[in-house]
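Overview (structure and organization)
Here is what each chain is made of, one letter per residue.
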Amino acid sequence: MIWSIIVGGFIGFVAGGITKKGGAMGIISNVIAGLVGSSVGQSLFGAWGPSLGGMALIPSILGAVIVVTIVSIFFGKKS
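Residues numbered from 1 in each chain as written. Predicted model: local features only at pLDDT ≥ 70, side-chain atom pairs only at ≥ 80, totals over all residues. Heavy atoms only, no water.

A separate point is the domain arrangement of the protein chain. Domain boundaries in the protein chain define domain 1 (1-45) and domain 2 (47-78). Measuring from the centre of the C-alpha atoms in domain 1 to the corresponding centre in domain 2 gives 6 Å. Taken together, the contact between domain 1 and domain 2 spans 21 residues of the former and 20 residues of the latter. At the boundary of domain 1 with domain 2, total buried surface from both sides reaches about 1700 Å², with 81% on carbon and sulfur atoms. In this structure, the connection of domain 1 to domain 2 is made through 0 salt bridges. Linking domain 1 with domain 2 are 4 residue pairs in polar contact (both at pLDDT 80 or more). For the side of domain 1 that touches domain 2, the secondary structure elements donating two or more residues are helix H1 (2-19) and helix H2 (27-45). Split into classes, the residues belonging to the side of domain 1 that touches domain 2 amount to 13 nonpolar, 7 polar and 1 charged. (Domains from an automatic or database assignment. Contact = heavy atoms within 4.5 Å. Buried area = accessible area lost by both parts, 1.4 Å probe. Salt bridge = Lys/Arg side-chain N within 4 Å of Asp/Glu carboxyl O. Polar contact = N/O pair within 3.5 Å; in protein donor to acceptor, adjacent residues only side chain to side chain. Helix = DSSP H or I, 4+ residues; strand = E, 2+ residues; numbered from the N terminus. Nonpolar A, V, L, I, M, F, W, Y, C, P; charged D, E, K, R; others polar.)

Spelled out as structure tokens, the structure:
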């Protein structure tokens, strides 16, 4: 359980860096984005590639990028 949270945080951190939204996300947001993104990514792309903490890393990162992008579109700051 704790290992999954740590890996989810890492996945969310990487996704935030890829989308350039990582500065606005906190630790809890990174974990949530990573865990939800992992579920989305593995549902869409399958469970291939290296696995850590029960999550396939490449599909999980792709899913987290999708989640972060969608959330930032709907809940991002309007400048």
